[in-house]
Amino acid sequence: MNFEFSEEQNLLREQAQGFLKDNSPPAAARRVLDSGADYDEGLWQKIVDMGWTATVIPEEYGGLGLSYLELCVIAEELGRAVAPVPFSSSVYLATEAILMAGTDAQKEEWLPKLAAGDVIGTLAMSEGAGRPTARSLECEVKDGKLSGTKIPVPDAGIASVAVVLAKSGKRASLYLVELDQGSKTAFKPVNTLDPTRGHGQIRFKNAKAELLGKAGKGMDLLDALLDRAAVLFAWEQVGGAQAALEQAKEYAMGRYAFGRPIASYQAIKHKLANMYVKNTLARSNCYYGAWALNTDADELPLAAATARVSAIQAYYFASKENIQTHGGMGYTWEFDCQFYYRRSKLLSVAIGSEAMWQDRLIDAYEEHAA
Amino acid sequence: MDFKDTAEEAAFRKEVRAWLKANRPKKKELEGLGGIEQAKLWQKRKYDAGWACITWPKEYGGRGASPIENVIWNQEESRYDLPQGVFSIGQGMAAPTLMMWASDEDKARFLPKLASGEEIWCQLFSEPAGGSDLAALRTRAVKDGDEWVINGQKIWTSGAHYSDYGILVLRTDPSVPKHKGLTYFWIDMRAPGMEIKPIRQISGDSNFNEVYFTDVRVSDSQRLGAEGQGWQVALTTLMNERASIGAGGGSVGVDSIYKLAKEVEIDGKPAIRDPAVRAKLADWYCQESGLKYTSWRTLSALSRGETPGPENSIGKLVGAPKAQDMASFAIDLQEMAGAIRDPKLSEAAAMYQETYMAIPGLRIAGGTDEIMANIIAERVLGLPQDVRVDKGIPFSEVPTGS
Ligand SMILES: Cc1cc2nc3c(=O)[nH]c(=O)nc-3n(C[C@H](O)[C@H](O)[C@H](O)COP(=O)(O)OP(=O)(O)OC[C@H]3O[C@@H](n4cnc5c(N)ncnc54)[C@H](O)[C@@H]3O)c2cc1C
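Values in this document were obtained by computation on a predicted structure and should not be read as measured data.

S.K.: Could you give an account of the overall build of chain A, naming the residues involved and the relevant values?
M.R.: Within chain A, the regular secondary structure consists of 11 helices and 10 strands. By the compact-globule yardstick of 21 Å for 370 residues, chain A fits well, its C-alpha radius of gyration being 20 Å. The C-alpha extent of chain A, read off along each of the three principal axes, is 75 × 50 × 40 Å. Counting the 370 residues in chain A, one finds 60% classified as buried. Put simply, of all contacts in chain A between residues at least 6 apart along the chain, 73% involve residues at least 24 apart. Put simply, chain A has 38 plus and 46 minus side-chain charges, and the middle of one group is 8 Å from the middle of the other.

In structure tokens:
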């Protein structure tokens, strides 16, 4: 047993932290927020140049062939920096889906482009309020043509390819759909809680769709994909939660009320201690998730759900109490507290809500106990 | 990062498993013995075979095992329902303090008997006027030649009535600020002048006591650390206390409540199918798992020989309220029958009701929830200390409520 990241992995963390400090300060998120852009294109290009999008893709497909532990390290740092880039869509979702379910030909076609950042990928799952199920899906593929509407789709405005959950007959399948099919893949931007990450609606009308994985196995494949993605999302969330705690601490130390720093008041101290506790538990669960993902362990569904639920809770708590710690300043557009608050909620629902993951956790627990 | 056993660890686990299987006390052997005798029997058997306090050096009765091996040992031992408990203060708090501060002679005298369970220790720290604010304790020790004469009162001393020795912090100089006037000793619990009176707890049991001192004499050689250094020595004990007081709650956990929720029904369906029940269980599972892996992560620090740090406060701070809420929830799941506290009539031999009555004490013992949160805020996060009106003032001039 060994519960630490390796020296090389810690070195990668240091590099990533330094890079993001310079290239993804809060001002970068703010520029995207104020301009209405989908992402920070310059930052994205630099991330691609550093090879982060290629991390776990095997060398034969133009990747670096590194382990998921490296990807977890990067995820945490991107989360800490609230980076306004489509990394989660393209890497944790589209790349993972193709790695997991793609044919050799599909891998050959897409992985080198995803690794090199020539294309951005995403996952189109949601069709409005509620959890999609095979029965609820309106998006449908007939004779290789997809019709229906997906909303919201992360990074829909900049992605070239989407993994789409749609039904075929009575059952659901996953499809690879190119998004440059003109009026057959009509895009409309959608305003979300976190405009530092672009989202949109895509209306498919007889768009060409290629099966990804076995026909009729869409829900199972989606479940397996989300287990993998959940670990990576959880690391982003833990990174964000840690940043929110650090911001709250820094402000509390410098802000005086009644003749002393507010950080010396017990209500504030216990608030921050509480953040620390939640963050620590979530982080420890993320370690376990990282290990399970990296070794494709049987426990992955349980470990992933555990990491995900505790990371959702930790980030939400840290981000809201960070605003509270800042008083009126925390509620201003000028201050950066909003970024964590926005991002924490976006990530909470990004791949299924807290309630869904609590349910999956107990499912996995039952399976494990049996 | 690798959560699986290495080849050596797997071999160690196998050895532990085999030994436990062959040597754990059978029901018959324990029959008719009291709780302490049962615990002593098991502890001595482990000691004789070299399986007691396994991380301690061999010369003190351990086997010099690594922290990871200790985790493996604990995992395997906890698979059985074995008698334990009475040794945790001695082995978990007194022993690390002795290892750090006692003379070689005292170490050789006391540590093996602590490991074997032949001698039980208690902790005489708290006083009526010094609980959370431990350094406000008043029991006086006055030097008389190469002896000290003790007068005063300790309170909440768990196990004083069955202990052989105690660790003890006393005020040796009231004219200096409170942390500076303390000195640390060990004491024979049968020393003349000591009187032990049981206190009844809300659970109905009487595990803690008042201990009165009237002209009790200890030799200066029983001092641990220098005169006036008692606070520093006490910190060694307290740090280890945080590490050794676990989450508490015994067998109340996700596993037991999951079983219960499969059996009892809500609206004609097993409670476990109810989304609200599942959500709660999921949250508790996250806490359990988070605590487990947090403690595994701190192992790396321990393997480098570091003292357990203030980070360990998290175990009790999360674990005790969690156990309380879980016991309460398990009682609710049983509806009216949840009120029954009778091992013959209640679910799981009244485990939930017993835990419900025991846990309030655990949220107070060994540092209250609030003090644990203070420790995290100040010692881990580095936030400023509270304003202290007693700072720098001679102890004898500090304002008190009585
Ligand atoms: C079951 C049990 C077993 C015990 N066993 C032992 C033992 O073996 N040996 C031993 O020496 N002691 C023992 N104790 C004593 C225990 O350590 C003290 O009870 C504990 O430290 C609290 O002290 P107190 O009871 O004086 O409460 P107080 O310190 O008076 O606390 C009362 C309330 O005030 C709060 N409070 C106090 N100071 C602060 C602060 N600075 N900030 C915020 N809130 C604060 C506390 O959190 C608590 O809620 C035991 C206690 C129990 C319940």
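S.K.: How would you sum up the confidence of the model for chain B? Please name residues and give values.
M.R.: Taken over all residues, the pLDDT of chain B has a mean of 93, while the share at 70 or more is 95%. The ipTM for the predicted assembly is 0.96, set against a pTM of 0.95.

S.K.: Explain a negative patch on the surface residue by residue, including any values.
M.R.: Side chains of Glu109(A), Glu178(A), Asp180(A) and Glu210(A) sit close together on the surface and give a patch of like negative charge. Along the polypeptide, Asp180(A) turns up in the loop between β5 (171-178) and β6 (185-189).

S.K.: Can you lay out the interface of chain A and chain B for me, pointing to particular residues and giving the numbers?
M.R.: Between chain A and chain B, the residue contacts involve 42 residues of the former and 51 residues of the latter. Of the roughly 4300 Å² buried at the junction of chain A and chain B (both faces included), carbon and sulfur atoms supply 65%. Scanning the region where chain A abuts chain B turns up 6 salt bridges. A salt bridge links Arg278(B) to Glu366(A); the shortest N-O distance between them is 3.4 Å. Where the side of chain A that touches chain B is concerned, the elements lending two or more residues are α7 (218-254), β10 (260-261), α8 (266-295), α9 (300-326) and α11 (354-369) of chain A. Ranked by residue count, the leading element in the side of chain A that touches chain B is α8(A), at 16 residues.

S.K.: Account for the site of the ligand, with residues named and values stated.
M.R.: The full set close to the ligand counts 19 residues, and Gln123(B), Ser132(B), Trp156(B), Ser158(B) and Thr368(B) are the nearest of them. Residues close to the ligand are split across chains A and B. Here a nitrogen atom of the ligand and a side-chain polar atom of Ser158(B) are 2.7 Å apart. In isolation the ligand exposes 970 Å². Once the protein is present, 66% of that is buried. Elements supplying a minimum of two residues to the shell around the ligand: β3 (147-158) and α12 (369-380) of chain B. Considering only residue class, the shell around the ligand consists of 7 nonpolar, 11 polar and 1 charged. Split by domain, the shell around the ligand shows at least three residues from each of two domains, domain 2 (122-239) and domain 3 (246-380) of chain B.

S.K.: Describe in detail the domain arrangement of chain B, supporting the description with residues and values.
M.R.: Residue and element names in this part refer to chain B. Taken domain by domain, chain B holds domain 1 (7-119), domain 2 (122-239) and domain 3 (246-380). Centre-to-centre, using C-alpha coordinates, domain 2 lies 32 Å away from domain 3. At the interface, 4 residues of domain 2 touch 9 residues of domain 3. The junction of domain 2 with domain 3 conceals about 590 Å² of combined surface from both sides, 65% of it contributed by carbon and sulfur atoms.

S.K.: An account of the pattern of salt bridges is needed here, citing residue identities and associated values.
M.R.: Side-chain pairs of opposite charge can arise whenever the charged atoms involved come near each other. Summed over the entire model, instances satisfying the criterion amount to 44 salt bridges over all chains. Arg13(A) is paired through a salt bridge with Glu76(A); the nearest N and O atoms lie 2.7 Å apart. Highlighted residues: Arg13(A) in helix α1 (residues 7-23) and Glu76(A) in helix α4 (residues 68-80), separated in sequence by 63 residues. Just as Arg13(A) is buried, Glu76(A) falls in that class too. Among the salt bridges present, the one from Glu29(B) reaches Arg45(B), with a minimum N-O distance of 2.5 Å. Pair noted here: Glu29(B) is in helix α2 (residues 27-30) and Arg45(B) is in helix α3 (residues 35-48), with a separation of 16 residues, a long-range link. Assessed through its relative accessible area of 31%, Glu29(B) is described here as partly exposed.

Scoring rules and cut-offs
Residues numbered from 1 in each chain as written. Chains lettered and ligands numbered in written order. Predicted model: local features only at pLDDT ≥ 70, side-chain atom pairs only at ≥ 80, totals over all residues. Heavy atoms only, no water. Helix = DSSP H or I, 4+ residues; strand = E, 2+ residues; numbered from the N terminus. Rg over C-alpha atoms; globule rule 2.2 N^0.38 Å. Buried < 20%, exposed > 50% of the residue type's maximum accessible area, 1.4 Å probe, protein only. Contact = heavy atoms within 4.5 Å. Lys, Arg positive; Asp, Glu negative; His and termini not counted. Charge placed at Lys NZ, Arg CZ, Asp CG, Glu CD. pLDDT = per-residue confidence, 0-100. Patch = residues over 30% accessible without salt bridge, like charges linked within 9 Å, V, L, I, M, F, W, Y side chains within 5 Å. Areas by Shrake-Rupley, 256 points an atom, 1.4 Å probe, with all protein chains shown as cover. Salt bridge = Lys/Arg side-chain N within 4 Å of Asp/Glu carboxyl O. Buried area = accessible area lost by both parts, 1.4 Å probe. Near = heavy atom within 4 Å. Polar contact = N/O pair within 3.5 Å; in protein donor to acceptor, adjacent residues only side chain to side chain. Nonpolar A, V, L, I, M, F, W, Y, C, P; charged D, E, K, R; others polar. Domains from an automatic or database assignment.

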